[in-house]
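Remarks on the overall topology
Chain residues, written in single-letter form:
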Amino acid sequence: MIEIKDKSMCCGCEACVNICPQNCITMKEDEEGFRYPQINKEKCINCGLCNKACPLQNEVKKSKFMTKYYAAYNKSDKILSKSSSGGMFWLLVKYILEKRGVIYGVIQDSTYNVKFTRAKTEKECISIRKSKYLQARVNDTYLKVKEDLKNNKYVLFSGTPCQVAALYKFLDKDYEKLYTVDVVCHGVPSMSVYRKYIKYIEKKYKKRVININWRDKIKGKWGPNHVTILFDDGSSVSTISLNNLFQRGFLYNIYLRPSCYKCIYAKIPRIGDLSLADFWGYDGNLKKKNKNKGISAVIVSSKKGEKAFEEIKKDTNYHSVSKEYLTLRSRHVYIHPEEYKNRNQFYRDFYNMPYEKLCKKYKLKLSLLDKQKEQINKWLITIKNKIVKIVKGRK
Ligand SMILES: Cc1cc2nc3c(=O)[nH]c(=O)nc-3n(C[C@H](O)[C@H](O)[C@H](O)COP(=O)(O)OP(=O)(O)OC[C@H]3O[C@@H](n4cnc5c(N)ncnc54)[C@H](O)[C@@H]3O)c2cc1C
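Everything quoted here is computed from the prediction, not taken from an experiment.

1. Quick word on the sheet that holds strand 11 (residues 274–278)
Strand order in this open sheet of eight strands is 5-4-6-7-11-12-3-13, and the pairing throughout is mixed. Two strands bound the open sheet, and with one partner strand each, they are strand 5 (114–119) and strand 13 (316–320). Each strand of the sheet is rotated relative to its neighbour by a mean of 25°, with strand direction disregarded. Bridging between strand 3 (residues 68–74) and strand 13 involves five bridges; their strand directions are antiparallel. When the bridges of strand 13 are listed, Ala 71 appears paired with His 319. Across the face of the sheet, helix 6 (residues 141–150) comes into contact with strand 4 (102–108), strand 5, strand 6 (155–159) and strand 7 (178–183) while running at roughly 160° to strand 6.

Here is the structure:
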């Protein structure tokens, strides 16, 4: 029986909920804003399947493959503008739909509801595009995937690495027609902090928030990333991610799920057949042509992943990169985030302070002086990187 004594040992993947033959496991949110399994002990028959399916108690091992690394982006400007980074996910969607397969991915259908969905058509897949920076509800998704695979359908499952690992543990068998994509993830943020943030925004603007576009490419530009909040009167407000109070705390790892700080799937070899990331810092040949519309890092980790990439690459501009080149620019591909040292104090304050005061204390809301200091630091890092590049070029 699953018993969560150490919260860092539960990633909230819901594999246990899906596998339980008694349907006696439900997910319940804790005071930090993360969901954990709760067992109805009267119904539990102690079969142990929940422990067996847990991807943290039993790490999923990959079969050996020479991992390949690429920088790539979709040739279609239209798709690029509607995707988080290089629009590679969409090409995989088309690859599977052409085989009359089904797609499992994440949608946000209202302010608070981020969840997995099953889609059979391009139209249904549109809302799966773009990253939603909240932990998605899995519900009975793994059961549905199994059903589709048993019915001999091609399936593309895309989610965070722990969700992909959970699916493998749940299935406990290799299916030839299952393709997996993990989005390189640096963790999921707290729902209770998110709710407090939304309340603060609604009070500030005196309007109801109806949805959030976490990856808004304003005028088609990928960087810097913008977050756009949509209100019920049709208006919206956009800010750079680092100036969005909630995103800033998320990006600085202040209120991530405890298991994310110890993620065993933030590593190479990656868990999915393919992995997708933002290739921030990419400075190779594709950069000029891409015109800051979005470039993905693509990691191919299996024969199936290779087959899919070989098929879709004609619709991309791409070139291969070395592991060193990629890992130097994309840390989360191989390393989990570091735990914020004052996380416990943050949560004590969280329940006792108004949101704005909390943000000031934890530097989520910056004073003008802090903003200037941050800008100067950024410039110093850019200059340092340029000097390192010049020195390396001379050697
Ligand atoms: C929570 C989260 C954290 C991330 N952190 C990083 C990071 O630190 N560094 C980095 O380089 N990239 C990160 N990414 C990945 C990046 O944002 C893009 O998703 C990736 O580059 C794919 O872009 P695309 O243009 O090919 O696809 P898009 O068309 O944008 O497709 C988005 C894909 O993300 C999946 N997805 C969206 N929201 C969620 C969710 N909440 N949970 C699970 N899956 C979801 C969809 O199912 C879809 O497969 C993160 C993504 C998520 C969801």
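The discussion continues.
2. A few points about the environment of Lys 196
Mapped onto the elements, Lys 196 comes out in helix 8 (residues 191–205). Here the alpha-carbon distance between Lys 196 and Phe 350, two residues 154 residues apart in the chain, equals 9.2 Å.

3. A few points about the nonpolar core
Membership of the largest hydrophobic core comes to 105 residues, with the highest contact counts inside it found for Cys 16, Leu 92, Leu 156 and Val 298. Summarising the domain contributions, this core has at least three residues from each of domain 1 (7–53) and domain 2 (58–352). Not counting residues up to four positions away in its chain, the partners in contact with Val 298 are Tyr 70, Ala 72, Met 88, Leu 274, Leu 276 and Phe 309.

4. Focus on helix 8
Here helix 8 contains 15 residues, and its C-alpha end-to-end distance of 21 Å stays within 8% of the 21 Å for a straight helix at 1.5 Å per residue. Where helix 8 is concerned, the buried positions are Met 191, Val 193, Tyr 194, Tyr 197 and Ile 201. What you see down the axis of helix 8 is that its buried residues fit within an arc of 155°, all on one side. Among the exposed residues of helix 8, those pointing more than 90 degrees away from its buried face are Lys 199 and Lys 203. Check the buried side of helix 8 and you find it contacts strand 1 (25–29), strand 8 (209–216), strand 9 (226–231), helix 9 (245–251), helix 13 (343–350) and helix 14 (355–361).

5. Let's talk about the domain arrangement of the protein chain
When the domains of the protein chain are assigned, the result is domain 1 (7–53) and domain 2 (58–352). Between domain 1 and domain 2, the C-alpha centre-to-centre distance is 24 Å. Tallying the contact residues gives 17 residues for domain 1 and 21 residues for domain 2. Among the secondary structure elements, those contributing two or more residues to the side of domain 1 that touches domain 2 are helix 1 (15–19) and helix 2 (49–53). Tallying contributions element by element places helix 1 first for the side of domain 1 that touches domain 2, with three residues.

6. So, unusual backbone geometry
Note the cis peptide between Gly 223 and Pro 224, where omega equals 0°. With respect to the helices, strands and loops of the structure, Pro 224 is situated in the loop between strand 8 and strand 9. Backbone torsion omega between Ile 268 and Pro 269 reads 0°, so that peptide bond is classified as cis. Among the structural elements, Pro 269 can be located in the loop between helix 9 and strand 11. Non-glycine residue Arg 100 carries a positive phi angle of around 60°. Judged by the 9 C-beta atoms lying within 10 Å of it, Arg 100 falls in the exposed class.

7. Description of the site of the ligand
Looking at the ligand, there are 34 residues lining it, with Ser 83, Ser 84, Phe 89, Gly 105 and Ala 277 nearest. Of all elements in the fold, only helix 4 (88–97), strand 4, strand 6, strand 7 and strand 11 reach the threshold of two or more residues within the shell around the ligand. By residue class, the composition of the shell around the ligand is 16 nonpolar, 14 polar and four charged.

8. Let's talk about the sheet that holds strand 10 (residues 236–240)
Taking strand neighbours across the sheet as the criterion, the three strands line up as 8-9-10 in an open arrangement whose pairing is antiparallel. Every other strand in the sheet has two partners, leaving strand 8 and strand 10 as the edge strands with one partner each. Pairwise comparison of adjacent strand axes, ignoring direction, gives a mean angle of 15° for this sheet. In the sheet, strand 8 pairs with strand 9 via five bridges, with the strands oriented antiparallel. Within the sheet, the bridge partner assigned to Ile 212 lies in strand 9 and is Ile 229.

9. Here we look at helix 4
With seven of ten residues buried, helix 4 is to be regarded as a mostly interior element. Within helix 4, the full set of buried residues consists of Met 88, Phe 89, Trp 90, Leu 91, Leu 92, Val 93 and Ile 96.

Procedures and definitions
- Residues numbered from 1 in each chain as written.
- Predicted model: local features only at pLDDT ≥ 70, side-chain atom pairs only at ≥ 80, totals over all residues.
- Pairing = 2+ DSSP bridges.
- Helix = DSSP H or I, 4+ residues; strand = E, 2+ residues; numbered from the N terminus.
- Axes fitted to C-alpha atoms, helices over the stretch in contact; angles between N-to-C directions.
- Contact = placed C-beta atoms within 7 Å.
- Core = buried A, V, L, I, M, F, W, Y, C linked by C-beta atoms within 7 Å.
- Buried ≥ 20, exposed ≤ 12 C-beta atoms within 10 Å, placed from the backbone.
- Domains from an automatic or database assignment.
- Expected span 1.5 Å × (residues − 1).
- Arc of directions from axis to C-beta.
- Near = placed C-beta within 6 Å.
- Nonpolar A, V, L, I, M, F, W, Y, C, P; charged D, E, K, R; others polar.

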